[in-house]
Amino acid sequence: NYVDNFGQRSGWIEIYNNTAGTMDLGGRYITNDRNNPTKYAIPRGDISTQIKPHQHTLFWADNSPFNGTFHLNFELDPTVENYIALYENDGITLLDEIVIPALIPVDRKYGYPEDGQSYTQ
């Protein structure tokens, strides 16, 4: 039921800072393509990309990057599995990834059982 700042509903990706320090996402990458880890470069210099300790931020998977920092250049397709990954500024170091199963019902979320804890931890 999240609505972006343009009144649109799209798939969204939440990134949680599970550290005790502020994390700046600027310069990191979000992708939905295993073969293209640098698909969306999170802009540097935007104060809103700094996530305070134990807080989160949302990115809209709406294929509308011209709408601002938090609007990605890809969409999520609910009819297929969706791979999502966050890469370090070097575009090589994988910070986190998740595969969302196909056919998740509308207005349902999918993610880790607890903030900051992946299934592999």
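Think of each chain on its own: its residues are numbered from 1, step by step along the sequence as written. Only residues with pLDDT of 70 or above have their local features reported here, since the model is predicted, and side-chain atom pairs are shown and tallied only from 80 upward, although totals for entire chains, interfaces and linings are computed over all residues. With hydrogens and water set aside, each side-chain value is computed from the structure's full complement of heavy atoms.

1. Considerations on the sheet that holds strand β7 (residues 82–87)
By definition, the strands of a sheet pair up through backbone hydrogen bonds, in either a parallel or an antiparallel sense.
Move 1: The strand order β4-β3-β7-β8 describes an open sheet built from four strands, whose pairing is antiparallel. Every other strand in the sheet has two partners, leaving β4 (40–41) and β8 (94–100) as the edge strands with one partner each.
Move 2: DSSP-based pairing: two strands are paired if at least 2 bridges between them are found. For helices the rule is a DSSP run of H or I covering at least 4 residues; for strands it is a run of E covering at least 2, with both sets numbered from the N terminus onward. For strand β3 (residues 29–31) and β4, the ladder comprises two bridges, and the chain directions are antiparallel. The partner of Tyr29 across the bridge, within β4, is Ala41.

2. Description of the environment of Phe70
Move 1: The residue Phe70 is located in the loop between β6 (56–61) and β7 in this model.
Move 2: Put simply, Phe70 and Ala41 are 29 residues apart on the chain and 11 Å apart in space, counted from C-alpha to C-alpha.
Move 3: Note on contacts: a residue pair is in contact if any heavy atoms of the two residues lie within 4.5 Å. The residues contacting Phe70, other than those within four sequence positions of it, are Tyr40, Ser48, Thr49, Thr57, Leu58, Phe59 and Trp60.

3. Notes on unusual backbone geometry
Move 1: Notably, His54 is not glycine yet its phi reads approximately 55°, a positive angle.
Move 2: Assignment of secondary structure puts His54 in the loop between β5 (50–51) and β6.
Move 3: We call a residue buried when its accessible area falls under 20% of the maximum for its residue type, exposed when it is over 50%, and partly exposed in between, using a 1.4 Å probe and counting protein chains only. You can call His54 partly exposed: its relative accessible area is 42%.
Move 4: Despite not being glycine, Leu103 shows a phi value in the positive range, around 65°.

4. Some details on the confidence of the model for the chain
Move 1: How sure the predictor is of each residue is captured by pLDDT, a score from 0 to 100. Of the residues in the chain, 92% reach a pLDDT of 70 or more, and the chain-wide mean stands at 89.
Move 2: Here strand β1 (residues 11–16) stands out as the element of the chain with the lowest mean pLDDT, 92, in contrast to β3, whose mean of 98 is the highest.

5. Digging into the environment of Gln55
Move 1: Here Gln55 is to be found in the loop between β5 and β6.
Move 2: On the basis of relative accessible area, Gln55 is assigned to the partly exposed category, the value being 42%.
Move 3: Taking the C-alpha atoms as reference, Gln55 lies 30 Å from Thr79; in sequence the two are 24 residues apart.
Move 4: When near neighbours in sequence (up to four residues on either side) are disregarded, Gln55 contacts Ile15, Tyr16 and Asn17.

6. Side note on the side chain of Asn82
Move 1: Along the chain, Asn82 falls in strand β7.
Move 2: For this analysis, a polar contact is any N or O atom pair within 3.5 Å, provided that within protein one partner can donate a hydrogen and the other can accept it, and provided that sequence-adjacent residues contribute only side-chain to side-chain pairs. Separated by 2.7 Å, the side chain of Asn82 and the backbone oxygen of Asp77 make a polar contact.
Move 3: Setting aside residues no more than four positions away along its own chain, Asn82 makes contact with Leu76, Asp77, Ile98, Val99 and Ile100.

7. Quick word on the pattern of salt bridges
A side chain with one charge may pair with a side chain of the opposite charge, provided their charged atoms come close.
Move 1: Between Lys or Arg on one side and Asp or Glu on the other, a salt bridge is scored when a side-chain nitrogen of the former is within 4 Å of a carboxyl oxygen of the latter. Summed over all chains, the structure comprises one salt bridge.
Move 2: Between Arg28 and Glu88 there is a salt bridge, with its nearest N and O atoms 2.9 Å apart. With Arg28 in the loop between β2 (23–24) and β3 and Glu88 in the loop between β7 and β8, this pair connects stretches of sequence that are 60 residues apart.

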